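# What the coordinates show
Each chain is listed here by its residues.
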There are 2 protein chains.
Amino acid sequence: MANAIRFLSMDAVEKANSGHPGLPMGAADVATVLFTRYMNFDPKNPLWPDRDRFVLSAGHGSMLLYSLLYLTGYDDITIDDLKEFRQLGSKTAGHPEYGHISGIETTTGPLGQGLANAVGMAIAERKLAEEFGPELQDHHTYVLAGDGCLMEGISQEAIALAGHLKLNKLIVFWDDNSITIDGAVSLSDSTDQIARFKAVNWNTIQVDGHDPDAIGAAIEAAQISDKPTLIACKTVIGFGAPNKQGSHKVHGSPLGAEEIAAARKSLGWEADAFNVPADVLDAWRLAGLRSTKVRKEWEERLAASPTEKRAEFVRRFAGDLPGSFDSTIDTFKKKLAENNPTVATRKASEDVLEVVNGLLPEVLGGSADLTPSNNTKTSQMKAITPTDFSGRYIHYGIREHGMAAAMNGIALHGGLIPYGGGFLIFSDYCRPSVRLAALMGIRVVHVWTHDSIGVGEDGPTHQPIEHLASLRAIPNLLLFRPADETETAECWQLALKEKKRPSGLALTRQNLTPVRQDYEEKNLCAYGAYDLISASDAKVTIFASGSEVEIAVKAAGQLNQKGVATRVVSVPCVELFMEQPDDYREAIIGTSPVKIAVEAAVREGWDALIGSDGIFIGMKSFGASAPGKDLYKHFGITAEAVVAAAEKRLS
Amino acid sequence: MANAIRFLSMDAVEKANSGHPGLPMGAADVATVLFTRYMNFDPKNPLWPDRDRFVLSAGHGSMLLYSLLYLTGYDDITIDDLKEFRQLGSKTAGHPEYGHISGIETTTGPLGQGLANAVGMAIAERKLAEEFGPELQDHHTYVLAGDGCLMEGISQEAIALAGHLKLNKLIVFWDDNSITIDGAVSLSDSTDQIARFKAVNWNTIQVDGHDPDAIGAAIEAAQISDKPTLIACKTVIGFGAPNKQGSHKVHGSPLGAEEIAAARKSLGWEADAFNVPADVLDAWRLAGLRSTKVRKEWEERLAASPTEKRAEFVRRFAGDLPGSFDSTIDTFKKKLAENNPTVATRKASEDVLEVVNGLLPEVLGGSADLTPSNNTKTSQMKAITPTDFSGRYIHYGIREHGMAAAMNGIALHGGLIPYGGGFLIFSDYCRPSVRLAALMGIRVVHVWTHDSIGVGEDGPTHQPIEHLASLRAIPNLLLFRPADETETAECWQLALKEKKRPSGLALTRQNLTPVRQDYEEKNLCAYGAYDLISASDAKVTIFASGSEVEIAVKAAGQLNQKGVATRVVSVPCVELFMEQPDDYREAIIGTSPVKIAVEAAVREGWDALIGSDGIFIGMKSFGASAPGKDLYKHFGITAEAVVAAAEKRLS
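Each chain has its residues counted from 1, running along the sequence as written. In the order they appear in the text, chains get letters beginning with A and ligands get numbers beginning with 1. With pLDDT at 70 or above as the cut-off, local features in this predicted model cover only qualifying residues; side-chain atom pairs require 80 or more to be listed or tallied, and sums for whole chains, interfaces and linings still use all residues. Where side-chain values are given, they derive from all heavy atoms of the structure, hydrogens and water being excluded.

### Focus: the overall build of chain A
Here a helix means four or more residues in a row that DSSP labels H or I, a strand means two or more in a row labelled E, and each is numbered from the N terminus. Scanning chain A for helices and strands turns up 26 helices and 20 strands. Here chain A has a C-alpha radius of gyration of 27 Å; the compact-globule value for 651 residues is 26 Å, and the two agree. For the C-alpha atoms alone, the extent of chain A along its principal axes is close to 90 × 55 × 45 Å. The cut-offs for exposure are 20% and 50% of the maximum accessible area for each residue type, with area from a 1.4 Å probe on protein chains only; residues under the lower value are buried, those over the upper are exposed, and the others partly exposed. By the burial criterion, 69% of the 651 residues in chain A qualify as buried. The contact criterion used is simple: two residues touch if any of their non-hydrogen atoms lie within 4.5 Å. The contacts of chain A with a sequence gap of at least 6 include a subset with a gap of at least 24, amounting to 78%. Across chain A, the mean location of the 64 positive side-chain charges is 2 Å away from that of the 82 negative side-chain charges. The globule rule used here is 2.2 Å times the number of residues to the 0.38 power, and the radius of gyration it is set against is calculated over C-alpha atoms. Only four residue types enter the tally: Lys and Arg on the positive side, Asp and Glu on the negative side; His and the chain ends are excluded. The atoms used to mark charge sites are NZ of Lys, CZ of Arg, CG of Asp and CD of Glu.

Listed below in structure tokens is the structure:
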């Protein structure tokens, strides 16, 4: 049966003339044991919430996963899909892409990410088991990781968190083949991985990765461990290719017709390319039916659950918010209109979260060790501990990358909506995971505080300059930068309602004067940009986001007082604005002879609003260490500078 | 003497009303033992090339370093500088900034970076010791790291590399105070750090971090180890503040006058704020003179070295290239003009490096396990191994972040110019280190291959879309994207001559038709953008970079043939173009009624050249998995699309 994986992988890579045969061939035995004897999954009901999750962290070995999904009988992958491996429009992309086939639990390829996603999935499972009971949530999360995954720093963050939280249903197979692209692992690494995992509180087992019984025994031992388990599987990369196996030559290139023929001979496989002998395919399809009973029993338990619990479970896995969500935010906004406080938007975010977390039990908060700075822990957010998952807050530790990837895993698992706090500057530390969230189209929310030189004394290492532009450059990510508490409430509302996109909220450290005075039923931030201060026949239009909106308002006041008709457009979300109909966009951009954008960051991206001849008041260099107010003056981001620039241009 | 550090730190934080007293107070004993008994450094000759390096990886404890530099008598820091802690324009920024004071070896603050920089410094020391002998290079690199540094994933990459390479002159003090911002370390971590470091081949020692003799003994043991050493120093954060020590309350806020008074009492310190008793200061200043003899002896050895060796050593530490560098590149370009090959720019880069590496022994190459893909290993580049540092190539492993930070350390150490290969997509994995290189203004070169959808079958996880824009957004970083081998040679020439800025070269996987036919003495890429195809009264100007220049050339050919006068501007480096004089920039941008930019990436940033009403042919979404040529067609990045867009606009 494992040879079916090997030959499908060889054949598909050969036909595509591109791909990675080495891992699928080396790890075929491990995968076969797991999928035919232990994994609970149902190809006919692939999204069954209590299925075991399988994450191919070493995503370049995608043909392993595609072979498994085809062989076990998933409806949305056929032999023709395997023949279309790596071709335009095919489901079988070079690396597994979430959404292409129902059995792909996460997009992998960038190394280490899948392992860290799996940590999030295991957190989600344990949290939901605590909430809904083992009758509705009780599954394992399996990972296949390679040397690359384990060398990446993100893996340390992920395994340390998993070991700390005692995620004992997480089982990681390490495809220990001693080979990387450059050659032998020993060229660059001398790590004792067993000792390393033990050091972070993991159970570890070593087996021959080509011995089915040993693999099975290891899985059984892992399943009863009270810690997460690493099963180190010693394998031969490209197992079965007689002349190339065990070397980096089988990693990332087709084997060639000759070597494939030799493999056929050596493994005694007589079927043609893309053909799986009927008895072998039958055995695989039978394995695909193995969990039908388990799944049916689970459905019976769900059906037998109290109505309210069942409805809640179904709602949570559908990712729908309760019907009262909008009205709750609306009530909050009404109260704000009476007393919109002068607060930092990080504090405004806490106020909003206090309401949101009270309403939405599915929200799972956390921070990368900046809880008191990110204002992410509201009254409902008791911390999760290794022995008690009744809490709703995760102390992720100083692990931005691991946190972001775990959040992806939590969202992918379903049933929970994760948010996590960090400084905006450190979005750089977790950018690969943020990008993957955007690529997958999943709902995770990053609470990025300390979003400009307003950080002050901590200096240039802690002051984002290029981060707003570089996050806006990521397709399918919504970056919100609210200007006061009302906008913060609206942005949170949008982020949480966005089922198919990740969001980031850029929030200030420093206090801001409110710019929205009146209650407005509409969510104005939903337009991405809107008229905050209108003026007919405006000579000047000032666009600004976040903390710079109050500067724009002040400048407009001075200009209007001087008789220069001036509009202010608040721009809490550039991406949403760009999606508005042409006529709305044109109306907002308007026809003022002078257009100015104010943002304490680089100019990139603003030309779309102000034109390339527009005036930009912002940053051109790194920041500096000084009180925030001094820095705004020093870098010339003030109402006075805006007024002067406008007057100069008009004169 | 340690109390002098404690009170200066308390006083400076108090006066600034901002900062982190906890670490300097807790680690004062460790630092005092190191600086007064073991470190070889000379405040009067602070840049002496064979000094021991000290890296405060936990950069938030900057007052520890500033106190040490002041107390030991560095000329470029005074008591007034300490009083100006964290104020605008002061040398004593919130976090240590490289270049502010000569004793600051690297900019730290983003956690884990300093530790990884130090790995680079230790690599540089060993490499230079191999090259110039222990008489000129034989020093230690010391690091003070906190829990945050060790939790960050980058630390695993760094320590694994250091352990593998047996960097036995690297000694890391872990300030083991059990406290992070969120509270106790145990909230988020259960790592056995000793076991973890042992697992990657380190020597480990545990001491009471307030016991000077134990600290001293540990340092002595570490100095004779054949492995890098972790000295775990159990400390009390905020040691000496009787009511707040040992808790996260002393981490990041002023102690308050009351608590400082209590500390004075408890530690028996009678001096006023910012006053160090004369006897204590004398003792410190004496410690600052401790290594004078060692330094003088070193200078004598340098003076006694053979003339050529001495000159080479001095040249290397001055960072000057040999006089023949330009002419060597020029000769290479002349040859190219005879036969500019159709190659991928990654291969072009290899050709250039073959020449460069032959000329410049200071170049230290490497790759994050993508050697055969990055084309970074030329004939001169024998690999460095744990037992043999005569090579010039580092197999960094699958550790982009660790590599980038180590490269920063190598550059900071002096005597070497590091380059490192990776896929452009994975610039995201090392972005924090790239940013720090830009902030510090140091010469490191990133070889980023596979720079667009031209990657092909590997799909969207491996295809950069937003990376060119987001790297261009980082101040003080030069991003080069050459269009053929001639441009690649010019870009390498510029990157290597740039002593005060890091560079990245974005290079293709796929072959490119050469666009530069004739030999040109001038380095045209130095202008950032230049006329590749001129046309008087051009109706259309097409701007393009890298692999899209050949598309622009093809489109211009078609348009010119149709009688539409069309220019082509090649844009290998946007940043350099923006630095050109106004008249040059205006001339290059020109006055064509139709301006088009072609780049297989997002639009952000291009409006500065084409105007916000310009036409952009590029990417708006993530890529896809298919052969590269199919993708260019699929996403409409073709000469035909350029021609059609131009004609439509003109009609």
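Additional details are given in the paragraphs that follow.
### As for the pattern of salt bridges
Here, a salt bridge means any side-chain nitrogen of Lys or Arg that lies within 4 Å of a carboxyl oxygen of Asp or Glu. For the structure on display, the rule yields 78 salt bridges over all chains. In this structure, A:Lys562 and A:Glu647 form a salt bridge, with 3.0 Å as the shortest nitrogen-oxygen distance. Remark: A:Glu647 occurs in helix α26 (residues 639–650) and A:Lys562 occurs in the loop between α21 (549–561) and β18 (566–570); sequence separation between them is 85 residues. With a closest N to O distance of 3.7 Å, B:Asp11 and B:Arg264 form a salt bridge.

### A look at the interface of chain B and chain A
Each partner contributes residues to the interface: chain B has 95 residues there, and chain A has 95 residues. Buried area adds together the accessible area that both of two parts lose upon being put together, with accessible area traced by a 1.4 Å probe. Roughly 7,500 Å² of surface becomes buried between chain B and chain A when both sides are summed, with 57% attributable to carbon and sulfur atoms. Of all residues in chain B, B:Tyr429, B:Arg435 and B:Phe622 give up the largest surface area on contact with chain A, accounting jointly for 10% of the area buried on that side. Inspection of the chain B/chain A interface yields 8 salt bridges. As a salt-bridge pair, A:Asp189 and B:Arg399 come within 2.7 Å of each other at their nearest N and O atoms.

### Some thoughts on the relation of the copies chain B and chain A
If you rotate chain B by 180° and push it 0.0 Å along the axis, it lands on chain A with an RMSD of 0.0 Å. Such a turn and shift between the copies fits a two-fold axis. Among all residues of chain B, the one whose C-alpha sits closest to the rotation axis is B:Gly153, at a distance of 1.9 Å. When the interface residues of chain B are mapped onto chain A, 100% of them again lie at the interface, so the same face is used by both copies. We superpose the copies by least squares over the C-alpha atoms of residues that have a pLDDT of at least 70 in both of them.

### Regarding the side chain of B:Thr486
Residues and elements named next belong to chain B. Along the chain, Thr 486 turns up in helix α20 (residues 485–497). Two N or O atoms count as a polar contact when they lie within 3.5 Å, although within protein this holds only if one can serve as hydrogen donor and the other as acceptor, and sequence-adjacent residues are included solely when both atoms are side-chain atoms. Of the polar contacts made by the side chain of Thr 486, one reaches the side chain of Asn 340; its length is 2.9 Å. Apart from the residues within four sequence positions on either side, Thr 486 is in contact with Lys 333, Leu 336, Asn 340 and Arg 516.

### Some words on the environment of A:Arg53
Residue and element names in this part refer to chain A. Turning to its location among the elements, Arg 53 is positioned in strand β1 (residues 53–56). Along the primary structure Arg 53 and Thr 108 are separated by 55 residues, whereas in three dimensions their C-alpha atoms are 14 Å apart. Contact partners of Arg 53, with chain neighbours within four places excluded, come to Met 39, Trp 48, Glu 105, Met 121, His 139, His 140, Thr 141, Tyr 142, Phe 317 and His 413. Polar side-chain contacts of Arg 53 include one of 2.7 Å to the backbone oxygen of Arg 51.

### A short note on the packing of aromatic side chains
Pairing of aromatic side chains requires ring centres within 6.5 Å, counting the rings of Phe and Tyr and the six-membered ring of Trp. Pairs whose planes differ by under 30 degrees are stacked, by over 60 edge-to-face, and all others tilted. For the structure shown, the criterion picks out 30 aromatic pairs over all chains. An aromatic cluster is present here, built from A:Phe35, A:Phe41, A:Phe54 and A:Tyr74 joined pairwise through their rings. By definition, being over a ring means that NZ of Lys or CZ of Arg is both within 6 Å of the ring centre and within 35 degrees of the ring normal. For the cation-ring pair, B:Lys377 lies above B:Tyr393, with the distance from its terminal atom to the ring centre recorded as 5.8 Å.

### Observations concerning the domain arrangement of chain A
Residues and elements named next belong to chain A. Marked domain ranges trace back to an automatic or database domain assignment. In terms of domain boundaries, chain A breaks down into domain 1 (1–296), domain 2 (324–506) and domain 3 (527–650). A separation of 32 Å is found between the C-alpha centroids of domain 1 and domain 2. Taken together, the contact between domain 1 and domain 2 spans 30 residues of the former and 33 residues of the latter. Note on domain 1 versus domain 2: buried area summed over both sides is about 2,600 Å², and carbon and sulfur give 68% of it. Counting the contacts that link domain 1 with domain 2 gives 0 salt bridges. One can count 12 residue pairs in polar contact (both at pLDDT 80 or more) joining domain 1 with domain 2. Broken down by element, the residue count for the side of domain 1 that touches domain 2 peaks at 13 residues, all from helix α5 (residues 113–132). All residues other than Ala, Val, Leu, Ile, Met, Phe, Trp, Tyr, Cys, Pro, Asp, Glu, Lys and Arg, Gly among them, are scored as polar; the first ten of these are nonpolar and the last four charged. A breakdown of the residues in the side of domain 1 that touches domain 2 according to their chemical character gives 12 nonpolar, 8 polar and 10 charged.

### A look at the packing of helix α1 (residues 2–16) of chain B against helix α10 (residues 257–267) of chain B
Residues and elements named next belong to chain B. Where α1 meets α10, the axes come as close as 11 Å, and the angle between the chain directions of the two elements is 170°. With respect to their mutual orientation, α1 and α10 come out roughly antiparallel. Residues Asn 3, Arg 6, Phe 7, Met 10, Asp 11 and Glu 14 of α1 form the contact with α10, whose own contacting residues are Ala 257, Ile 260, Ala 263, Arg 264 and Leu 267. The class makeup of the residues in the contact of α1 with α10 is 6 nonpolar, 1 polar and 4 charged. A fitted line through C-alpha atoms represents every axis, and for helices the fit uses only the stretch in contact; the resulting angles, taken between N-to-C directions, go from 0 to 180 degrees. What sets the label is the angle itself: under 35 degrees gives roughly parallel, over 145 gives roughly antiparallel, 65 to 115 gives roughly perpendicular, and the rest give oblique.

### Description of the sheet that holds strand β11 (residues 417–423) of chain B
Residues and elements named next belong to chain B. If DSSP finds at least two bridges between two strands, the strands pair. Spatial strand order, β10-β9-β11-β12-β14-β13: 6 strands in an open sheet with parallel pairing. In the strand order of this sheet, the two ends are held by β10 (393–395) and β13 (478–480), each with one partner. The sheet shows a mean angle of 20° between the axes of neighbouring strands, direction not considered. By the bridge criterion, 3 bridges tie β13 to strand β14 (residues 503–506) in an arrangement that is parallel. Counted as the bridge partner of Phe 480 is Leu 505 from β14.

### A short note on the UniProt feature "active site" (unreviewed entry) in chain A
Annotation from UniProt places "active site" (unreviewed entry) at A:Glu400. The topology assignment puts A:Glu400 in helix α17 (residues 400–413). Apart from the residues lying within four places of it in its own chain, the contact partners of A:Glu400 are A:Glu157, A:Ala368, A:Phe426, A:Tyr429, A:Cys430 and B:Glu152. UniProt positions are given in the numbering used here, feature names are shortened, and annotations may be inferred rather than shown by experiment.

### Points about the sheet that holds strand β2 (residues 141–145) of chain A
Residue and element names in this part refer to chain A. Reading across from one edge, β1-β2-β3-β7-β6 is the order of the 5 strands in this open sheet, with parallel pairing throughout. The strands lining the two open edges of the sheet, one partner per strand, are β1 and β6 (203–208). Each neighbouring strand pair of the sheet contributes to a mean axis angle of 20°, computed without reference to strand direction. When β1 meets β2, the two strands line up parallel, connected through 4 bridges.

### What about the UniProt feature "domain: Transketolase-like pyrimidine-binding" (unreviewed entry) in chain A?
Following the UniProt record, the feature "domain: Transketolase-like pyrimidine-binding" (unreviewed entry) maps to residues 343–515 of chain A here. Along residues 343–515 of chain A one finds 36% helix and 18% strand; the C-alpha atoms at either end are 12 Å apart.

### Quick word on the pairing of strand β3 (residues 170–176) of chain A
Residues and elements named next belong to chain A. Among the 7 residues of β3, 7 are classified as buried, and the element is accordingly described as predominantly covered. Because side chains alternate across β3, one face comprises the buried residues Leu 170, Val 172, Trp 174 and Asp 176, and the other comprises Ile 171, Phe 173 and Asp 175, equally buried. Across 5 bridges, the pairing between β2 and β3 is parallel. Of the residues in β3, the one forming a bridge with Thr 141 is Leu 170. Here β3 runs beside strand β7 (residues 229–234); their pairing, made up of 6 bridges, is parallel. Across the sheet, Asp 175 pairs through a bridge with Cys 233, a residue of β7.

### Digging into the packing of helix α3 (residues 62–72) of chain A against helix α11 (residues 278–289) of chain A
All names here are of chain A. Two elements in contact, α3 and α11, have axes separated by 7 Å at closest approach and are oriented at 85°. The orientation of α3 relative to α11 falls into the category roughly perpendicular. Two secondary-structure elements touch here, α3 through Leu 68, Tyr 70, Leu 71 and Thr 72 and α11 through Leu 281, Trp 284, Arg 285 and Gly 288. Residues belonging to the contact of α3 with α11 are distributed by class as follows: 5 nonpolar, 2 polar and 1 charged.

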